[in-house]
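Each chain, written out:
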Amino acid sequence: MTKSKHSLRANTIPAITTVGPITLWLLFLVAIPLVYVLVMSFCSIDEFYNVSYHFTLDNYKRLFDTNYLQIYAQSLFIAFFTTVICILLGYPFAYFIARAVSKRKAILYMLVIVPFWTNSLIRIYGWRSFLGTNGWLNTILMKLNLINTPVEFLYNRGTILLGMVYCLFPFMVIPLYTAIEKLDQNLIEASNDLGARGIYTFSHVILPLTISGVFAGSIMVFIPCLGFFFVSDILGGGNSDVIGNLIERQFQSGNNWPLGAALSIILILMTLLLVRIYQKLGGDMESLGV
Amino acid sequence: MKKITSCLFILVLALSTILAGCGGSSKTESGTTLNVYVWTEYVPESVVEDFEKKTGIKVNLSTYSSNEDMLAKVKSESEGAYDIVQPSDYMVALMIAQDMCEKLDKDKLTNIGNMDDAYMNPSYDPGNEYSIPYLGGAGAIAVNTDIIKDTITSYADLFKPEYANQLVVLDDFRAVIGMAAKSIGYGMNETDPAILEKVKEKTLSLKNNIKLYDSDSPKSALIAGDCTLAYCWSAEVALAMEENEAIQVVYPKEGPYLFLDNWVIPKGCKNYDAAMEFINFMMDAESAKMVGEEFPYLNPNKAGVALLGDDFINNPAKNPPSDAIAKGEFVDNIDTDSLAIYDQIWTELKK
């Protein structure tokens, strides 16, 4: 009896000191704000646009407005294509890094990481001056006599896609790199020895063994894509809103925090659904860096 | 447990994108420090330093970039966290309605005679009981005359189909929908659903002409040549004109959308006298001149404007003609049902 009591205490103190801080962190910075958002999403606003704690489902009813539905669809569309492009560009690149000699590997890896040190807003503005009507790209093309009048590159869905891919590319490359690096070179050699050609080895050996990286990367790219309102604002010129824009607007000029909260809940539900699909497909939560 | 933590991590990821838009910081100190909360790039350092030198009062400036940010911050901080804030017209009204402002003691405002009567006694604060205007502007039209050869005289002209994909407009739903309403003879603050239906149709017909929504720096698109027409603040046009002489300012014959930003003392202010001294100092002609030199907004301080010289006075973008201003209209707070309709129109325009 005394012995078990003793061991209980012996376990409690280390448990509190090690798990305690993170539990508090999660409680105060994640759980409570989440509950607050959920509660607010059922509130209404008073005549001064303040949040008033009168229960209503109006915010959720407004979420089914056809314009909103079209914007959700547009967000998913942009996020989907961003993810596909990131996979197509990221996989060969990650493979190349993972298989490079160690000295070059470090340099290549840095090439992905270093741009992270500059604020993404600044980098996105950089694209804007690069692609503008009188921007660098148009100037160069005109100097080379490839075009006579400036091409309108900016302010469409294409440039939003470009901005999203540009911002989120590293999130695809890093999990892919980790997955490909773990791949045992002997398996590829074995496959070749047994007569499989390159394409067959890729589809039956390499890809299945690194698919966890593809899944993890896809989640890491797809989810932020739904909320990156600044990319659609700056490179899309505000013409093609994503869910992030809707949320931002309700907390700003729209002055309707409860509606913004309800929109946030939709975003959270979409995120949870995607993670669920990811798990169903056999994705490993640890590959997401958690 | 691991699964839960993992899920929570993903939620943090999602939440962080939501919260990215909400920011801001403040430092509060007690004593003779005046906590002044103003718009970004709006109050020159030099004027504040002058004030500190002359009075020995230390000024702690913090900045915001939207009226709504400011309101939320003032409400969430403890009373007295800010001694002076700088809300726009409609926000002054909203703050007065919620009893958030201290009355101004006019006896202490000895420089009030410097102000132009045209901007005093405004609809949002009759008698200037709670607010004194600082700077303002009009929702003007900018035209790049190198490319647009027609004469533009009104908001209605911006809707012409030949200007497809030429326009940069303020990323502000009340400004744009109000402009569309004015172009067909209504006001900035319509709330009648039948009228709003017509306004909606008119607003949506502008979609094809709008290339870009930008409130932060609409001049950039004009200067870079991305857009040839703009519906933006007169001060932005003034700055664009300095970069490109072909750009001209037009005040619409329907009367422009107007805004005025004001000095207001929030309720519970801890340094009322110092705050009044600051507001009075900002109304001084010399201070107003320094402000005008750095920020070419509509300056309601006529003594200051007189010191700014002919370059400023004769520049219609920096010093909007009084007949244009007389026809101008402020945005006002509307009921929440109408707000929802405006929001719907805006969402449909921007999707």
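Procedures and definitions
Residues numbered from 1 in each chain as written. Chains lettered and ligands numbered in written order. Predicted model: local features only at pLDDT ≥ 70, side-chain atom pairs only at ≥ 80, totals over all residues. Helix = DSSP H or I, 4+ residues; strand = E, 2+ residues; numbered from the N terminus. Rg over C-alpha atoms; globule rule 2.2 N^0.38 Å. Contact = placed C-beta atoms within 7 Å. Buried ≥ 20, exposed ≤ 12 C-beta atoms within 10 Å, placed from the backbone. UniProt positions renumbered as here; feature names shortened; annotations may be inferred. Pairing = 2+ DSSP bridges. Axes fitted to C-alpha atoms, helices over the stretch in contact; angles between N-to-C directions. Parallel < 35°, antiparallel > 145°, perpendicular 65-115°, else oblique. Core = buried A, V, L, I, M, F, W, Y, C linked by C-beta atoms within 7 Å. Domains from an automatic or database assignment. Expected span 1.5 Å × (residues − 1). Nonpolar A, V, L, I, M, F, W, Y, C, P; charged D, E, K, R; others polar. Left-handed = near helix turned anticlockwise from the far one by under 90°. pLDDT = per-residue confidence, 0-100.

**Comments concerning the overall build of chain B**
Looking only at helices and strands, one finds 14 helices and 10 strands in chain B. By the compact-globule yardstick of 20 Å for 351 residues, chain B fits well, its C-alpha radius of gyration being 21 Å. When its C-alpha atoms are laid out on the principal axes, chain B stretches across 70 × 60 × 40 Å. Partitioning the intrachain contacts of chain B with sequence separation of at least 6 by distance along the chain shows that 78% fall at a separation of at least 24.

**Digging into the overall build of chain A**
Helix and strand content of chain A: 12 helices and two strands. Mapped in sequence order, the helices and strands of chain A form the string α-β-β-α-α-α-α-α-α-α-α-α-α-α. A compact globule built from 290 residues should have a C-alpha radius of gyration of about 19 Å, whereas chain A, at 24 Å, is more than 25% larger. When its C-alpha atoms are laid out on the principal axes, chain A stretches across 75 × 65 × 30 Å. Considering chain A as a whole, with its 290 residues, one finds that 36% of them fall into the buried category. Across chain A, every contact between residues at least 6 apart in sequence was considered, and the portion connecting residues at least 24 apart equals 70%.

**Side note on the UniProt feature "domain: ABC transmembrane type-1" (unreviewed entry) in chain A**
UniProt tags residues 72–278 of chain A as "domain: ABC transmembrane type-1" (unreviewed entry). Secondary structure across residues 72–278 of chain A comprises 78% helix and 0% strand; the distance between its end C-alpha atoms is 20 Å.

**A word on the pairing of strand E7 (residues 229–233) of chain B**
Residue and element names in this part refer to chain B. Most of E7 sits out of view: five of its five residues are buried. As paired strands, strand E4 (residues 131–144) and E7 are joined by five bridges and run antiparallel to one another. Bridge pairing in E7 links Ala140 to Cys232. Across three bridges, strand E5 (residues 167–169) lies against E7 in parallel orientation.

**Digging into the packing of helix H9 (residues 198–227) of chain A against helix H12 (residues 257–280) of chain A**
Residue and element names in this part refer to chain A. Two numbers describe how H9 lies on H12: the axes approach to 11 Å, and their chain directions differ by 170°. The angle between H9 and H12 places the two elements in the roughly antiparallel class. Residues Phe215, Ile219, Phe222, Ile223, Leu226 and Gly227 of H9 form the contact with H12, whose own contacting residues are Leu267, Met270, Thr271, Leu274, Val275 and Tyr278.

**Some details on the nonpolar core**
All names here are of chain B. Among the nonpolar cores identified, the biggest contains 163 residues, and Ile84 and Ala142 are the most heavily contacted of them. Composition of this core by domain shows at least three residues from each of domain 1 (27–135 + 260–318) and domain 2 (137–258 + 330–350). Ignoring any residue separated from it by four or fewer positions in sequence, one finds Ala142 in contact with Leu222, Leu229, Ala230, Cys232, Val237, Ala240, Ile247 and Val249.

**Notes on the UniProt feature "transmembrane region" (unreviewed entry) in chain A**
All names here are of chain A. According to UniProt, the positions carrying the feature "transmembrane region" (unreviewed entry) are residues 12–39, 71–94, 106–126, 160–180, 201–231 and 257–278. Each end of residues 160–180 is marked by a C-alpha atom, and these two atoms are 29 Å apart; helix forms 100% of the span and strand 0%. The distance separating the terminal C-alpha atoms of residues 201–231 is 39 Å; by composition the span is 97% helix and 0% strand.

**Details of H12 of chain A**
In this model H12 of chain A runs 34 Å from its N-terminal to its C-terminal C-alpha over 24 residues, within 8% of the 34 Å that 1.5 Å per residue would give. Where H12 of chain A terminates, the next one or two residues include Gly282 of chain A, which has phi positive at roughly 95°.

**Observations regarding the UniProt feature "binding site: spermidine" (unreviewed entry) in chain B**
Residues and elements named next belong to chain B. UniProt records the feature "binding site: spermidine" (unreviewed entry) at Glu41 and Tyr90, using the numbering of this structure. Relative to the elements of secondary structure, Glu41 occurs in the loop between strand E1 (33–39) and helix H2 (45–55). Assignment of secondary structure puts Tyr90 in helix H4 (residues 89–97). With near-sequence residues (within four places) excluded, Tyr90 lies in contact with Tyr124, Phe330, Val331, Asp332 and Asn333.

**Section: the domain arrangement of chain B**
All names here are of chain B. Under the domain assignment used here, chain B contains domain 1 (27–135 + 260–318) and domain 2 (137–258 + 330–350). The straight-line distance from the C-alpha centre of domain 1 to that of domain 2 is 27 Å. Listed by partner, the interface residues are 15 residues for domain 1 and 15 residues for domain 2. Broken down by element, the side of domain 1 that touches domain 2 gets its largest block of residues, four residues, from H4. Considering only residue class, the side of domain 1 that touches domain 2 consists of 11 nonpolar, two polar and two charged.

**Digging into H4 of chain B**
Residue and element names in this part refer to chain B. Listed as buried for H4 are Asp89, Met91, Val92, Ala93, Leu94 and Met95. Looking at the buried side of H4, the elements it contacts are helix H3 (67–76), E4, strand E9 (257–264) and strand E10 (329–330). Positioned one or two residues after H4, Asp99 has a phi angle of 55°, which is positive.

**A short note on the environment of Val291 of chain B**
All names here are of chain B. Position of Val291 relative to the elements: it lies in helix H10 (residues 285–294). Each C-alpha atom of the pair Val291 and Gly304 lies 8.8 Å from the other, and the pair is 13 residues apart in sequence. Excluding its chain neighbours within four sequence positions, the residues that come into contact with Val291 are Pro44, Val47, Leu135 and Asn299.

**Comments concerning the packing of helix H3 (residues 66–99) of chain A against H9 of chain A**
Residue and element names in this part refer to chain A. Two elements in contact, H3 and H9, have axes separated by 9 Å at closest approach and are oriented at 145°. Between H3 and H9 the crossing geometry is right-handed. Judged by residue contacts, Ser75, Ile78, Ala79, Thr82, Thr83, Cys86, Ile87 and Gly90 of H3 engage Val214, Gly217, Ser218, Val221, Phe222, Cys225 and Leu226 from H9. Each residue belonging to the contact of H3 with H9 can be placed in one class, and the counts come to nine nonpolar, six polar and no charged.

**With respect to unusual backbone geometry**
At Asn255 of chain A, a position not held by glycine, the phi torsion is positive, near 60°. With respect to the helices, strands and loops of the structure, Asn255 of chain A is situated in the loop between helix H11 (243–251) and H12. The exposure class assigned to Asn255 of chain A is buried, which follows from the 23 C-beta atoms found within 10 Å. In this structure, Asn121 of chain B is a non-glycine residue whose phi angle is positive, near 55°. Its location among the elements puts Asn121 of chain B in the loop between H4 and E4. Residue classification places Asn121 of chain B among the exposed residues on the basis of 11 C-beta atoms within 10 Å.

**Overview of the confidence of the model for chain B**
Residue and element names in this part refer to chain B. With 91% of its residues at a pLDDT of 70 or more, chain B shows a mean pLDDT of 91. Contacts from residues 17–30, a stretch scored under 50 in pLDDT, to residues over four places away or in other chains number 22 contacts. Interface confidence for the predicted complex, expressed as ipTM, amounts to 0.85; the pTM equals 0.86.

**A short note on the environment of Gln250 of chain A**
Residues and elements named next belong to chain A. Residue position: Gln250 is located in helix H11. A tally of 21 C-beta atoms within 10 Å means that Gln250 is categorised as buried. It is 8.6 Å that separates the C-alpha atoms of Gln250 and Ala261, two residues lying 11 residues apart in sequence. For Gln250, the residues in contact, after removing those within four places along its chain, are Asn256, Trp257, Leu259, Gly260 and Leu263.

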